[in-house]
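Next come the chains, spelled out residue by residue.
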Amino acid sequence: MEVSEKRINWVGFRTLTLREIYRFLSVYRQTVIPGLITSALYIIIFGLTLQKRISSIDGVSYTIYILPGLIMMNVITNAYNNTSSSILQMKLLQQMQDLLITPMSSMEISLSFIIGGAVRGVINGLLVLLLGILIIDMPVVHPIQTLLFLILVSWGFSGAGLILGIFAESWDNVATMVNFFITPLIFLGGVFYSINMLPGFWRNLSMINPIYYVINGLRYSILDIGGSTVYLSFTVAFLMTILFTIIGIVLFQKGTRIKQ
Amino acid sequence: MIPAIDVRNLKKSYLPINRRAGGKTVALKGIDLTIKSGEFYGLLGPNGAGKTTTIGIITGLVRLDEGSVSVMGKDIISDYRFTRSKIGVSPQELTVDWFFSIERLLYFQAGYYGIRKEEVSDRIEQLLKKFGLYKKRNSKIRELSGGMKRRFQVLKALVHDPEILILDEPTAGIDVELRHMLWDYLRQLHKEGKTILLTTHYIDEAELLCERVGIINEGTIVAEGKPSELIQSLGKGSIEVYLSDCDPEKEALISGFTYVHEPYDGGSRLVFSVDEPEKSLSEIINALSSNGCHIHEVKITKSSLEDVFVSLTGRTIND
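No experiment lies behind these values; they were computed from the predicted model shown.

1. Topic: the overall build of chain A
A count of helices and strands for chain A gives eleven helices and zero strands. Its C-alpha radius of gyration of 19 Å places chain A within 12% of the 18 Å reference for a compact globule of 260 residues. Along the longest, intermediate and shortest principal axes, the C-alpha atoms of chain A span 65 × 40 × 35 Å. Burial analysis of chain A (260 residues in total) assigns 55% to the buried set. Taking contacts inside chain A between residues at least 6 apart in sequence as the whole, the part at least 24 apart equals 82%. Both charge centroids of chain A, one from 15 positive and one from 10 negative side chains, sit 6 Å from each other.

Right, here's the structure in full:
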């Protein structure tokens with residue numbers, strides 16, 4: 001059956017998704033290894049050295065406490081970077097035009113990009129998780145839930161990357177978003193501390209940071225702590241993912257900054 | 001028979017990059033274009049005439065403001081999967097890919113068109129060999145020479161075996177040898193029954209290859225037809241005669257022809273303006289000889305598509 005007679009161009013969808021995955025794997029030194037190295041450094045410097053001076057938080061050692069945060073930091077930055085840079089690169093190198101003239105729908109194209117980024121986020125997250133298990137004996141209390149949550153968040157931030165990639169016109173735009181918004185939000189989302197340690201005003205401010213909920217949700221899934229807010233965390237992550245995905249697809253469909 | 005491409009009253013304007021500056025740029029003012037199935041059609045026009053916009057709309061890259069376009073009888077918007085799968089495009093600007101070998105890029109390309117790897121591997125091998133790129137199949141685009149990149153661009157457009165091939169300035173900036181190779185290949189594709197739409201600003205290219213050309217200027221098609229017909233209806237040829245031993249002022253020298261004359265190297269130079277130089281040549285020479293003129297040299301200047309273009313648009317194509 002010809003592609004024109006099908007409701008969904010599955011072969012095209014699969015091809016573009018695989019292309020996106022092969023793309024980051026072909027440069028794994030830039031896309032997979034760095035997150036692992038930085039996380040190992042964080043574990044050594046923050047965890048193993050400072051741990052002696054910091055009492056346990058919520059009943060676990062400091063190193064173990066920060067690990068879910070480190071995993072989330074990797075998932076978010078990798079998922080987000082993959083999609084935004086892939087889209088921008090395609091725009092700058094005229095490849096986007098080659099894609100737009102194929103019999104693929106905007107939905108198929110945008111979902112392929114999102115999945116490509118999500119896979120990179122999940123791989124990076126799982127590698128840091130593995131590092132935690134191997135180096136510091138981190139327990140994983142709810143493994144299935146951990147995996148599903150990683151996939152959900154990775155998908156969501158890959159969707160955010162799609163939105164930025166669509167709007168971005170230069171590498172400077174992408175870097176600005178990462179440096180001024182994403183990185184501060186991650187660091188203030190409680191990667192290295194419990195927000196309960198913060199004074200009242202700062203604690204309340206942290207509550208409007210969506211990344212706080214995302215880190216919290218993973219901390220619960222892995223370590224079974226902070227269970228009181230787990231439903232809220234999952235709801236925030238879920239809504240954020242749906243929202244970013246829909247906005248990304250709609251913008252792509254409208255051809256914002258892509259079609260003339 | 002259903003036309004391969006049918007464009008009706010196509011209009012398109014672009015917003016300025018700086019929106020505050022206001023004022024839209026009108027790219028297409030209402031284009032009608034019908035390209036028959038199996039036809040080799042050339043769209044000729046200077047830069048900014050609307051060629052790339054027209055192609056962009058047909059292929060789905062640019063949104064139309066008004067009008068309609070159908071490909072093999074189906075609308076490019078409501079039936080985009082059908083129309084896009086019938087078209088192969090070789091864009092004007094060369095694309096670059098940093099990550100994959102050219103062979104892999106061809107498999108991706110086929111995949112986007114819904115064709116699985118196992119269905120297309122023979123075809124890809126054949127095409128790579130035909131375009132002299134088989135040995136380079138594991139190279140990345142940036143490792144290819146300029147000519148190879150251009151060949152790859154055309155090859156890629158053919159991977160899904162489209163019925164219509166659209167080439168936007170395929171020979172811009174390439175050497176003569178490669179130009180001829182591409183021309184031969186395009187002729188062959190045309191013989192095989194493919195419909196080809198070519199945009200170019202090389203007039204000789206259009207004259208040589210295309211069965212029909214449309215001349216586009218400032219967003220409108222100002223003339224359309226077979227190159228020979230356009231030349232015949234709009235262009236004029238000339239015959240130049242260098243002679244001595246007779247007086248070109250003499251009225252009876254040659255009747256029925258208009259000509260200008262000037263003294264030249266002890267004799268005269270006569271320039272006759274005629275519609276069909278070949279037909280008038282013998283008559284002119286006979287008349288001059290019978291009047292005792294001694295003819296030194298005769299030059300025939302046939303009108304070209306270039307003259308047609310200049311007379312229609314008031315400018316040369318490279319302006």
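2. Points about the overall build of chain B
Secondary structure summary: chain B contains ten helices and 14 strands in total. Against the 2.2 N^0.38 benchmark of 20 Å for 319 residues, chain B shows a C-alpha radius of gyration of 25 Å, more extended than a compact globule. The dimensions of chain B, computed from C-alpha atoms along their principal axes, are 80 × 50 × 45 Å. The buried share of chain B, reckoned over its 319 residues, is 51%. Pairs at least 24 apart in sequence give 70% of the contacts found in chain B among residues at least 6 apart. Carbon and sulfur atoms make up 47% of the accessible area of chain B, which amounts to about 15200 Å² in all. Seen as two clouds, the 42 positive and the 45 negative side-chain charges of chain B have centres 11 Å apart.

3. Examining the side chain of Glu20(A)
With respect to the helices, strands and loops of the structure, Glu20(A) is situated in helix α1 (residues 10-26). Look past the residues within four positions of Glu20(A) in its chain and what remains in contact with it is Asn82(A), Ser86(A), Ser112(A), Phe113(A) and Gly116(A).

4. Thoughts on the layout of surface pockets
Counted as a void, the largest pocket has a volume near 1500 Å³. In terms of lining, the largest pocket is formed by 40 residues, of which the most central are Arg257(A), Ile258(A), Lys259(A), Gln260(A) and Tyr14(B). Broken down by secondary-structure element, the contributors of at least two residues to the lining of the largest pocket are α4 (62-92) and α5 (95-100) of chain A together with β1 (5-14) and α1 (51-59) of chain B. Here the element with the most residues in the lining of the largest pocket is α1(B); it accounts for five residues. Looking at the lining of the largest pocket residue by residue, the class counts come to 16 nonpolar, twelve polar and twelve charged. The space that makes up the second largest pocket amounts to roughly 420 Å³. Lining the second largest pocket we find 20 residues, and of these Lys259(A), Gly60(B), Ile77(B), Tyr80(B) and Arg84(B) sit closest to its centre. For the lining of the second largest pocket, the secondary-structure elements that each account for two or more residues are α6 (106-136) and α11 (230-254) of chain A together with α1 and α2 (80-86) of chain B. Residues belonging to the lining of the second largest pocket are distributed by class as follows: eleven nonpolar, six polar and three charged.

5. Remarks on the pattern of salt bridges
Enumeration over the complete set of coordinates arrives at 20 salt bridges over all chains. Between Asp184(B) and Arg187(B) there is a salt bridge, and its shortest N-O distance comes to 3.1 Å. Here Asp184(B) and its partner Arg187(B) are both found in helix α6 (residues 176-191), three residues apart, which amounts to about one turn of the helix. Through salt bridges with shared partners, a single ionic network connects Arg19(A), Glu20(A) and Asp97(B).

6. What about the interface of chain A and chain B?
Interfaces are frequently sized by the accessible area removed from exposure as the parts join. Tallying the contact residues gives 36 residues for chain A and 33 residues for chain B. Across the chain A/chain B interface, buried area totals approximately 3200 Å², and carbon plus sulfur atoms make up 56% of it. Per-residue buried area on chain A facing chain B is highest for Ile101(A), Pro103(A) and Gln260(A); these three make up 21% of the total on that side. Between chain A and chain B we count three salt bridges in total. Between Arg81(B) and Glu108(A) there is a salt bridge, with its nearest N and O atoms 2.8 Å apart. Contributions of two or more residues to the side of chain A that touches chain B are made by α1, α5 and α11 of chain A. The greatest single-element share of the side of chain A that touches chain B, amounting to nine residues, is contributed by α1(A). Of the residues that constitute the side of chain A that touches chain B, the class distribution is twelve nonpolar, 14 polar and ten charged.

7. Regarding the state of the cysteines
Residues and elements named next belong to chain B. Throughout the structure, instances matching the rule amount to one disulfide over all chains. Note that Cys 246 is cross-linked by a disulfide to Cys 293, the S-S spacing being 2.0 Å. Across the S-S bond linking Cys 246 and Cys 293, the dihedral sits near 105°, which makes this disulfide right-handed. Pair noted here: Cys 246 is in the loop between β11 (237-244) and β12 (259-264) and Cys 293 is in the loop between α9 (277-290) and β14 (294-301), with a separation of 47 residues, a long-range link.

8. As for the sheet that holds strand β10 (residues 220-225) of chain B
Residues and elements named next belong to chain B. The six strands are arranged β6-β7-β8-β3-β9-β10 in an open sheet whose pairing can be described as mixed. The strands lining the two open edges of the sheet, one partner per strand, are β6 (87-90) and β10. Taking the axes of each pair of neighbouring strands and ignoring which way they run, one obtains an average angle of 15° across the sheet. Two elements, strand β7 (residues 164-168) and strand β8 (residues 195-200), share five bridges in a ladder whose sense is parallel. Residue Asp 168 lies in a different strand from β8, and its bridge partner there is Thr 199. Set on the sheet, helix α5 (residues 146-158) makes contact with β6 and β7; between it and β6 the angle comes to about 170°.

9. Comments concerning the confidence of the model for chain B
All names here are of chain B. Within chain B, residue pLDDT values average 87, and 94% of them lie at 70 or more. Mean pLDDT values over the elements of chain B span from 74, in helix α10 (residues 305-313), up to 96, in helix α3 (residues 102-112). Both scores are given for the predicted complex: the pTM is 0.86, the ipTM 0.91.

What counts and how
Residues numbered from 1 in each chain as written. Chains lettered and ligands numbered in written order. Predicted model: local features only at pLDDT ≥ 70, side-chain atom pairs only at ≥ 80, totals over all residues. Heavy atoms only, no water. Helix = DSSP H or I, 4+ residues; strand = E, 2+ residues; numbered from the N terminus. Rg over C-alpha atoms; globule rule 2.2 N^0.38 Å. Buried < 20%, exposed > 50% of the residue type's maximum accessible area, 1.4 Å probe, protein only. Contact = heavy atoms within 4.5 Å. Lys, Arg positive; Asp, Glu negative; His and termini not counted. Charge placed at Lys NZ, Arg CZ, Asp CG, Glu CD. Areas by Shrake-Rupley, 256 points an atom, 1.4 Å probe, with all protein chains shown as cover. 1 Å grid on protein atoms, 1.4 Å probe; cavity = no way out; pocket = protein on both sides within 12 Å on 5 of 7 lines; lining within 4 Å. Points joined across faces, edges and corners; volume = space filled by probe spheres on them. Nonpolar A, V, L, I, M, F, W, Y, C, P; charged D, E, K, R; others polar. Salt bridge = Lys/Arg side-chain N within 4 Å of Asp/Glu carboxyl O. Buried area = accessible area lost by both parts, 1.4 Å probe. Disulfide = S-S within 2.5 Å. Pairing = 2+ DSSP bridges. Axes fitted to C-alpha atoms, helices over the stretch in contact; angles between N-to-C directions. pLDDT = per-residue confidence, 0-100.

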